[in-house]
Amino acid sequence: MQLGSHVNSESTKNIGFSWRDVIANMRKQKWEIYEPSLSKMNDPAWKLLYDESPTGIKLDESDEKTLVLTLSHADTVRINAEPGSNASKGSQYFWLSKDCYDFFPPLTIRNRRGTKATYSCIIKLNYVDLDGTTDDCRVTFEAENNLDFRLGTGKLRHTRIAKTGDLATIMRIKESQYELRIFKKDSKQYDDLKKYAIHHIGHQGKRYGYISNEEFQDIIRN
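None of the values given here were measured: they were computed from a predicted structure. (Residues numbered from 1 in each chain as written. Predicted model: local features only at pLDDT ≥ 70, side-chain atom pairs only at ≥ 80, totals over all residues. Heavy atoms only, no water.)

(A) Representation of the layout of surface pockets within the structure. Taken as a whole, the largest pocket holds about 470 Å³ of empty space. Forming the boundary of the largest pocket are 19 residues, of which Ser91, Thr118, Ser120, Arg138 and Thr140 lie nearest the centre. For the lining of the largest pocket, the secondary-structure elements that each account for two or more residues are β3 (109–110), β5 (133–141) and β6 (149–152). A per-element tally of the lining of the largest pocket places β5 first, with four residues. Its residues assigned to classes, the lining of the largest pocket comprises four nonpolar, eight polar and seven charged. Of the volumes computed, that of the second largest pocket is approximately 160 Å³. Residue lining of the second largest pocket: 14 residues in total, with Thr70, Leu71, Gln204, Gly205 and Lys206 positioned closest to the centre. Among the secondary structure elements, those contributing two or more residues to the lining of the second largest pocket are α4 (190–194) and β10 (206–212). Looking at the lining of the second largest pocket residue by residue, the class counts come to four nonpolar, six polar and four charged. (1 Å grid on protein atoms, 1.4 Å probe; cavity = no way out; pocket = protein on both sides within 12 Å on 5 of 7 lines; lining within 4 Å. Points joined across faces, edges and corners; volume = space filled by probe spheres on them. Helix = DSSP H or I, 4+ residues; strand = E, 2+ residues; numbered from the N terminus. Nonpolar A, V, L, I, M, F, W, Y, C, P; charged D, E, K, R; others polar.)

This is how it looks when you write it as structure tokens:
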């Protein structure tokens, strides 16, 4: 239950109430004021202030996971295409599931071109198989198209490093830092990793799944 009332100046005058007196009396009170010393920066009082110094966001243990993805023709056609050919045209990306919201940072970048809305973020991607090449890559959610995620992997174009049916793993190591690895069908870890790709994307056999970073690292070390 809520109750509101309006008190005009005539009413307050009749009951002897004055806002000026209230404020004046507040100012006369002896406030206990504590001034922390700059020579004691570990003083608890300084912890009450907003710290504007940049710090990294530590991942929650539940976010320390790796995405296991089977690669389709659409993922790999530009990887294997000849430079300058029709097959090499267009953006090189991996087609991901719509179940990727909590795997990537917030999608805060709204597209300026086109009529259908997309939302993106930029991540730092380490291409482990390309001698640790690191690049800023865009993750895009097709909000008004097919509701899928796409991860730009431009550094893989023309490298012939992956074919249809191979596996890609994307390990989240920090809030916006990831490591990409390719596992071929005949690799030692392929079968151990593929069993984690249990969810389907579309209707052409493409699959994905998640594994903890700890389990993933145990597999690739063996």
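Further notes follow.
(B) Looking closely at the nonpolar core. In terms of nonpolar packing, the biggest core is built from 29 residues, with Phe94, Leu96, Phe104, Ile123, Leu151, Leu156 and Leu180 touching the most fellow members. Those elements that place two or more of their residues in this core are β1 (65–70), β2 (93–96), β4 (119–127), β5, β6, β7 (167–174) and β8 (177–183). When residues of this core are assigned to their parent elements, the largest contribution, four residues, is made by β4. If near-sequence neighbours (up to four positions away) are discounted, leucine 180 is found in contact with Phe94, Leu125, Asn126, Tyr127, Val128, Asp129, Thr153, Leu156, Ala168, Thr169 and Ile170. (Core = buried A, V, L, I, M, F, W, Y, C linked by side-chain atoms within 4.5 Å. Buried < 20%, exposed > 50% of the residue type's maximum accessible area, 1.4 Å probe, protein only. Contact = heavy atoms within 4.5 Å.)

(C) View of a negative patch on the surface. On the surface, a cluster of negative charge is contributed by Asp60, Glu61, Glu64, Glu214 and Glu215. Relative to the helices and strands, glutamate 61 is located in the loop between α2 (19–28) and β1. When its relative accessible area of 68% is taken as the criterion, glutamate 61 is described as exposed. (Patch = residues over 30% accessible without salt bridge, like charges linked within 9 Å, V, L, I, M, F, W, Y side chains within 5 Å. Areas by Shrake-Rupley, 256 points an atom, 1.4 Å probe, with all protein chains shown as cover. Salt bridge = Lys/Arg side-chain N within 4 Å of Asp/Glu carboxyl O. Lys, Arg positive; Asp, Glu negative; His and termini not counted. Charge placed at Lys NZ, Arg CZ, Asp CG, Glu CD.)

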